[in-house]
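# Tertiary structure, described
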Amino acid sequence: MTDQTLPRPRLWASAWAYIWRKERVWLAFALIVSAIALLDPAQLAPSFDKVTASLLSVAPFLAASILIAAWAGATGADNLIAKAFTGAPAMMIAMGALAGGLSPFCSCGVIPLIAAFLAMGVPLAPVMAFWLASPLMDPSMFALTTGVLGLEFAIAKTLIALGMGVLGGTVVHMVVRAGGLAAPLREGIGNGGCGGAKARNPKPPVWAFWHEPARLTKFRTEGTRTFLFLLKWMSLAFLLESLMLAYIPAEMVTQTLGGAGLAPIGIATLVGVPAYFNGYAALPLIGGLMAQGMLGGAGMAFLVAGGVTSLPAAIAVWALVKLRVFALYIAISLGGAFASGLLFQFWLTL
């Protein structure tokens, strides 16, 4: 007699592999909720109220982010990025920073695109400018930052993203002119895969995308994907924020990251590297810390340092370029983050 129950373990294994690969954020959300229900049931309702209220408060900005991402994908506006790397070095660096800071590129698309640029012979300086600015700001991030931390913070972070790109590109250009940083890619790195196609064969955008069924479908698909992505990360972030507000004494935050001097900004810069896990999710967490006494400059330093040098991003950079380029990337990122925090704190005290 044949045993029909044998495939069941494989089914469970496949389901678990899918959840772990695709839905780890929702898994973490469910595990945290389960832990709250088990260890502190009284906190469950306040946490859910906080998540719901916070999501409703940023709903207009979430909608703007979704529409921007869907529009960029459907029209092909992201192909305009290839036009940023032409001209004199100063112009290329400025355009690289501008493209990185303002274009709606997801983090998964940046690495292959950069590999394509470098493999095609695009100078490292404008590529580094794009590389540093891209994780820090884009239209969707600007909308959400405005909703969570305010317009002043969003504008400042945009200017910092552009400044980081220009600074990094200029430093790299000077090092290259002095004879350093030749052949930046590691051996065996290809030409960027799917990202390379955009760089090698940029196509003009189709602004009236609704006339083409395929582009209209892409608009819906991209909008749905962005909605689900933002919903899970923001839900987890607001849940963590509710626990942080409930369990972390405001006095401890104030003593560690508040007050005057350089120490809070320096600590936030270093803590931002391992603690930062997603640009969108970091916003409400920083908002909660600032509400408890964290310096605005320390919050900015955390977001800048974490956005550029978070562990996933650093690992991707390490896999792509040689050690000397990686070291320079880290040095510029951390130095720029610390300086950004100082400048923003100085601005707030004026």
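Residues numbered from 1 in each chain as written. Predicted model: local features only at pLDDT ≥ 70, side-chain atom pairs only at ≥ 80, totals over all residues. Heavy atoms only, no water.

With that out of the way, let us pick up the nonpolar core. Taken as a class, soluble globular proteins show a tendency for nonpolar side chains to be buried jointly. With 64 residues, the main nonpolar core has V172, L303 and Y329 as its most contacted residues. Take this core: its biggest share by element is eight residues, from helix α15 (residues 296–309). Among the nonpolar cores identified, the runner-up in size contains five residues, and V25, W233, L236 and A237 belong to it. (Core = buried A, V, L, I, M, F, W, Y, C linked by side-chain atoms within 4.5 Å. Buried < 20%, exposed > 50% of the residue type's maximum accessible area, 1.4 Å probe, protein only. Helix = DSSP H or I, 4+ residues; strand = E, 2+ residues; numbered from the N terminus.)

This part covers a nonpolar patch on the surface. A grouping of F346, W347, L348 and L350 is seen on the molecular surface, where their side chains present a nonpolar patch of about 470 Å² in accessible area. Secondary-structure assignment places L350 in the segment after α17 (323–349). (Patch = residues over 30% accessible without salt bridge, like charges linked within 9 Å, V, L, I, M, F, W, Y side chains within 5 Å. Areas by Shrake-Rupley, 256 points an atom, 1.4 Å probe, with all protein chains shown as cover. Salt bridge = Lys/Arg side-chain N within 4 Å of Asp/Glu carboxyl O.)

One pass over the structure, following the stated rule, counts two salt bridges. Between E222 and R225 there is a salt bridge; the shortest N-O distance is 2.6 Å. Within this pair, E222 and its partner R225 are both found in helix α11 (residues 213–247), separated by three residues, close to a single helical turn. Residue classification places E222 among the buried residues on the basis of a relative accessible area of 18%.

If you trace the backbone, L283 turns up in helix α14 (residues 279–291). Take L283: its relative accessible area is 0%, and that puts it in the buried class. Spatially, the C-alpha atom of L283 lies 8.0 Å from that of L303, the residues being 20 residues apart in sequence. Ignoring anything within four residues of it in the chain, the contact list for L283 reads M141, L144, T145, V148, L149 and L303. (Contact = heavy atoms within 4.5 Å.)

A few words now on the confidence of the model for the chain. Low pLDDT marks stretches whose predicted atomic positions should not be read closely. On average, residues of the chain score 78 in pLDDT, and 74% of them are at 70 or above. Segment residues 191–197: pLDDT under 50, and 15 contacts once partners within four positions in sequence are set aside and those in other chains are kept. (pLDDT = per-residue confidence, 0-100.)

This next bit is on helix α8 (residues 139–149). For α8, the full list of buried residues reads S140, M141, A143, L144, T145, T146 and L149. At the N-terminal boundary of α8, the capping side chain belongs to D138, with an oxygen 3.0 Å from the backbone nitrogen of S140. One or two positions beyond α8, positive phi appears at G150, with a value near 105°. (Polar contact = N/O pair within 3.5 Å; in protein donor to acceptor, adjacent residues only side chain to side chain.)

To continue, consider the packing of aromatic side chains. Evaluation of the coordinates by the stated rule reveals seven aromatic pairs. On the basis of an interplanar angle of 15° and a centroid distance of 5.7 Å, the ring pair of W71 and W207 is categorised as stacked. Remark: W207 occurs in the loop between α10 (194–200) and α11 and W71 occurs in helix α4 (residues 59–75); sequence separation between them is 136 residues. Under the relative-accessibility criterion, W207 is labelled partly exposed at 46%. Ring centres 5.0 Å apart and planes at 25° place the aromatic pair F209 and F219 in the stacked group. In this pair, F209 sits in the loop between α10 and α11 while F219 sits in helix α11, placing the two residues ten residues apart along the sequence. Residue F209 is classed as buried on the basis of its relative accessible area, which comes to 7%. Here F219 falls in the partly exposed class, since its relative accessible area comes to 23%. (Phe/Tyr/Trp six-rings, centres within 6.5 Å; stacked < 30°, edge-to-face > 60°.)

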